[in-house]
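Structural characterization, general
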Amino acid sequence: MGLGFLVPFALAAAAAIVVPIVVHLTRRRKSKVLRFPSIRFIEKVPYRAESRRRIHHWFLLALRALAILLIVAAFARPFVDRTDQAATAGIGPTERVVLLDNSWSMALGERWADAQELARDAVSDLGPLDRASVVLFARGADAVARATAEPIRLRQAIDTARVSDEGTAYGPGLKLAQAILEESELPARELVIISDFQAQGWTGEEGIVLPGDTEVRTLVVGDGPADNAAVADVVLNRTQVQGRERVSPAVRLVRTGGTEPREVEVVLSLDGQPAQAQTITLPGEGADGVVFDPVTVGGDAIQGTVSITEDVLPQDDIARFVLSPGRAERVRILTPPSAGERAFFVERALGITEAGEFDVVSTTGAIPSGEALENTDVLVLVDRALTGDETVRVAAWVADGGGLVLVAGERGGWGAGGAGVFPGALGGIEDRNGRGERLATLEYEHPIFEVFRGPRQGDFSAARFYRARTFDVQASDSVAILARFDDGSPALAERRTGAGRVLVWSSTLDATWTDLALQPVFLPFVHELVRYASGSTEAFESFTAGQVIDVTDARAMESAGLGQVAEAIASSEDRVVMTPSGGSTQLSDGESSHFLELSEAGFYEIRPPGRGDLRPVSVAVNVDRGESDLTPLDPEEMVAALRTGTDVASTADTERAMALRRADQERRQSWWRWLLLAAFGILIIETVISNRLSRATARSGHARVAS
Amino acid sequence: MERTATASARFLDPTVLTRIGNLEVLARNVVDGFLNGIHKAPYLGLSMDFAQHRPYVPGDDIRHLDWRLFARTDRYYIKQFEAETNTDLMAMVDVSDSMDWTSDDERPTKLDYARYLAASLLYLSRRQRDRVGCITFDDDIIEHVPPAGRHLERCLQTLERSKPRGPGNLKSAIYQAVAGLRKRGMVLLISDLYEDVDDVIAAIRYLRARRQDVIVFHLLDPGERELPAGDAVSFEDAETGEQVPVIPSKLREGYATVIGDHVEALRRALVREQVDFVTVDTSTPLDHALFAYLSLRARATRRR
């Protein structure tokens, strides 16, 4: 610790101290001037020089010199430099990041209180040149205090932090810490991780590369796994019984910790009322399941919960879901009047589902018009050509979100208005030689073939193709070839048009040109083909805390199972959201305000403002189920996996950082103000004394003249 | 007689003279009082009687042509009178800024004293039939009245309106003045002589080379001989404006020595040049100077 100067070269101005001395010695007394005929003889008298060089008032001279020194010192910006003190201690200015785990597992016992205390300790020993950040992490990460040297701010950030409903993911928190440490110019870096170190949040592939000199400290809270039972998941099995949809909730229960079997009561509640209950005995470190009796689903969505007896972690003892009525995809199969048998295999395949997923209508007439077409989700044209007028109408319908599957066959095709809607142009019939060709190239990344990706998940190579239409696929960003024959010619191609999609199969889906319909993969293939064409996705019964939904995207909301009112909510300018904790938020069509972050576990309700007659959309949000697994991770494993990169702080950076720290110290101490005040005070005193002395001298001079 | 002398002496006191505005009245009173006081008629053998003829040369005043002789001889002759053989008296008065100073407001400044002195001397000389002229100068000739029998009034007017206007330079002024001094005569140099002795001697030699008898009146105020007592003051040069901060009480002795040495050096040098040197204290009555002048004038006449 020593006296430092932020602008040391300003001290050179201290040379100005000679000014008052020179003035003192050379100043002429202007008060008394005597006119004289000639001073030529006065100048010849040697006494003159001695007289002028005499200092009369040493005290005044000292005051003036002191005032100048104080002003110079003020401009040099002095401060007590504690940099050396920190350097002597071997620490140096340190950038410290405190990663505080606030996933919901931290609510177990005293974990959170302990973690907060450890975090306070971590920021309490900051040196005068150090900075610290507090980053809360769970599924995401949030820097609640970033690179600050103010202990109050850091403590406040820790004190106001709360346990979230999100699960643990170390990646985002570590990434944010890495960014803060990399941005820092300070020579030393430190990362403090305070967590219960659940193994499930660590994949080992986070790819974190910390700056080379970063010291990592891990502070573990909690004492290992506890005896915790949790509702792992709820599967809603839908069945159609006599035209009515019934749902059987199947619950999977998991128990971590414990050795003795434990009885657990599992309760199914619908719209807040207990509907069914079962008791199950869970073994230690084991799992079991419960299937409730089927529940008939009405026209409206139902809020449902499955809960078990509360234990040490009550957050995972309940699972919430929204039971919405399922909706079958409306499929219309069209064939030429004389070739109705061509659709036989497709029709049968679509009819084989457990929950009545497809509502199939097969006709041989014309393309329906008006409302009939609008009420169709997928149109399957088997061996049927579209006329020019039909092509235009179908193109408009597809652009609005319809799905078209065109099975070429002998006659399949489209009119002149199909350019820009269909993926290319179908040509003549081409016979495949010998034993026929196979499907050689399939896009397994595509949703249609994704289910067949794994081994023994479906063998398309067994199918033989003896005949197909030549298919010249247009090269376009919206066009994709999903399957090819051995010779590379396209078998299946897709074109996205507006909100809908068009799929063209260049062969047939019966047993005439190919034996694909006789293969096991045929049924799931047709299901996936039609499902993809409809654009629908699997409905979500519940979300996990931390997910985000776009309330303005009607299709996304509907596909997420948010009910039939999603369209009305999405189309309105404002929506009111009631959170599980009882708060309300208004979401408008602003830049980012239409995204609803589901941060709390419970039921969110979304409705347009002032629309009392419309039942709100319910969104069920559960805590991250994986968080129930309290199996700890060895912190050393994490530290070992955190790779360290090169030292990003160069010597110049360090010097710059030190200069900044000195400037910061000087700013906080602000001695220059007091020095300037003192200087002005001294100058005032000097003026007063000087004036008094001048008056006294003048009086004595008058007295002499009078005498 | 004694009473008259006392009265006259009082009247010649410089502090009394300052109350007389008209320089001619002042000079007449001074000289008449002075002459009455000494009770001796100053006859110096001067008259306006005819002396001789001489041939006319171009440039002569045609008023002095003798027309009767021209009628007789058909030649031009100029009449010369006895008076013309008398001396040309030129008073050179220093009117530089250093002359405009007095140490006592009751006393006349050196310039005023120089005016009185010059006026009195010119008046006195005119009464003795000398031709009188005057020059006022500082570092240049300011006004030049050539010597003539009837130029007394012009000289008095010139002296009366002379005002200090700048620093003095005796050498430069005399170098220019000698161009108008074509005839042998007498020069009364009235100055405080704040010059180097060598410069003064060089200027005097220039006058002497023009056959001029020179009488130097060195005017000094009593305050110039002795510095005032007191604490630190700044002395400002009356000519240059330069200021020197000094403590007079610490300087008095040294200054008195320096100024005394200067006066003595002037005296010795001028004596060596056969120039009459009169130190005049502006606090002393004018008759002292007049006495000095008359005695020196008489001596000069004898020399001639």
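Residues numbered from 1 in each chain as written. Chains lettered and ligands numbered in written order. Predicted model: local features only at pLDDT ≥ 70, side-chain atom pairs only at ≥ 80, totals over all residues.

**Some remarks on the overall build of chain B**
Here is the rule: A helix here means a DSSP run of H or I that spans at least four residues, while a strand means a run of E at least two residues long, and both kinds are numbered starting from the N terminus. Counting other C-beta atoms within 10 Å of each residue's C-beta, where C-beta atoms are placed from the backbone, gives the exposure class: buried for 20 or more, exposed for 12 or fewer, partly exposed between. Contact definition: two residues whose C-beta atoms, as placed from backbone geometry, lie within 7 Å.
Of regular secondary structure, chain B possesses 11 helices and 10 strands. Burial status across chain B gives 41% buried among its 304 residues. A sequence separation of at least 24 residues applies to 74% of the contacts in chain B between residues at least 6 apart.

**Remarks on the nonpolar core**
Most often, soluble globular proteins keep nonpolar side chains buried together rather than apart. Where we set the bar: When buried Ala, Val, Leu, Ile, Met, Phe, Trp, Tyr and Cys residues are joined through C-beta atoms within 7 Å, the set is termed a nonpolar core.
In terms of nonpolar packing, the biggest core is built from 79 residues, with Val98, Leu99, Val135, Ile194 and Val619 of chain A touching the most fellow members. The biggest single contributor to this core is helix 7 (residues 170-183) of chain A, with 6 residues. Filtering out sequence-adjacent residues up to four positions away, Val98 of chain A remains in contact with Ala119, Ala122, Val123, Ala132, Ser133, Val134, Val135, Val192 and Ile194 of chain A. Core analysis: the second largest hydrophobic core is formed by 75 residues, Leu121, Cys155, Val233 and Val278 of chain B among them.

**As for unusual backbone geometry**
Positive phi values are uncommon outside glycine, yet Asp383 of chain A reaches one of about 60 degrees. On the basis of neighbour count, Asp383 of chain A is assigned to the buried category, with 25 C-beta atoms found within 10 Å. Phi at Asp74 of chain B is positive, roughly 60 degrees, even though this residue is not glycine. Along the chain, Asp74 of chain B falls in the loop between helix 4 (67-73) and strand 2 (77-81).

**What about the sheet that holds strand 12 (residues 262-270) of chain A?**
All names here are of chain A. Convention followed: Two strands pair under a simple rule: DSSP has to find at least two bridges between them. Helix axes use the C-alpha atoms of the stretch in contact, all axes being lines fitted to C-alpha atoms, and the angles between their N-to-C directions lie in the range 0 to 180 degrees.
Spatially, 4 strands are ordered 13-12-16-17 in an open sheet, and the strand pairing comes out antiparallel. For this open sheet the edge positions go to strand 13 (273-282) and strand 17 (318-323), each flanked by a neighbour on one side alone. Direction aside, neighbouring strands of the sheet carry axes that sit 15 degrees apart on average.

**A look at the sheet that holds strand 3 (residues 88-94) of chain B**
Residues and elements named next belong to chain B. Pairing in this open sheet of 6 strands is mixed, and the strands run 5-4-3-6-7-10 from one edge to the other. The strands lining the two open edges of the sheet, one partner per strand, are strand 5 (141-148) and strand 10 (276-281). Strand-to-strand twist in this sheet, taken as the mean axis angle between neighbours without regard to direction, amounts to 15 degrees. Of the strands in this sheet, strand 6 (185-191) and strand 7 (212-220) touch helix 8 (residues 197-209), which is tilted by about 150 degrees from strand 7.

**A few points about the packing of helix 8 of chain B against helix 10 (residues 248-272) of chain B**
Residue and element names in this part refer to chain B. Worth spelling out the cut-off: Any angle from 65 to 115 degrees is called roughly perpendicular, while one under 35 is roughly parallel, one over 145 is roughly antiparallel, and all others are oblique. For any helix crossing, the convention is left-handed if the near helix is rotated counterclockwise from the far helix by under a right angle, and right-handed if that rotation is clockwise. Residues were grouped as follows: Ala, Val, Leu, Ile, Met, Phe, Trp, Tyr, Cys and Pro as nonpolar; Asp, Glu, Lys and Arg as charged; and all remaining residues, including Gly, as polar.
Here helix 8 crosses helix 10 at 30 degrees, and the two axes come no closer than 10 Å. Comparing their axes, helix 10 and helix 8 come out roughly parallel. Between helix 8 and helix 10 lies a crossing of right-handed hand. Each of Val197, Val200, Ile201 and Ile204 in helix 8 lies in contact with helix 10, whose residues at this interface are Ala265, Leu266, Ala269 and Leu270. A class-by-class count of the residues in the contact of helix 8 with helix 10 yields 8 nonpolar, no polar and no charged.

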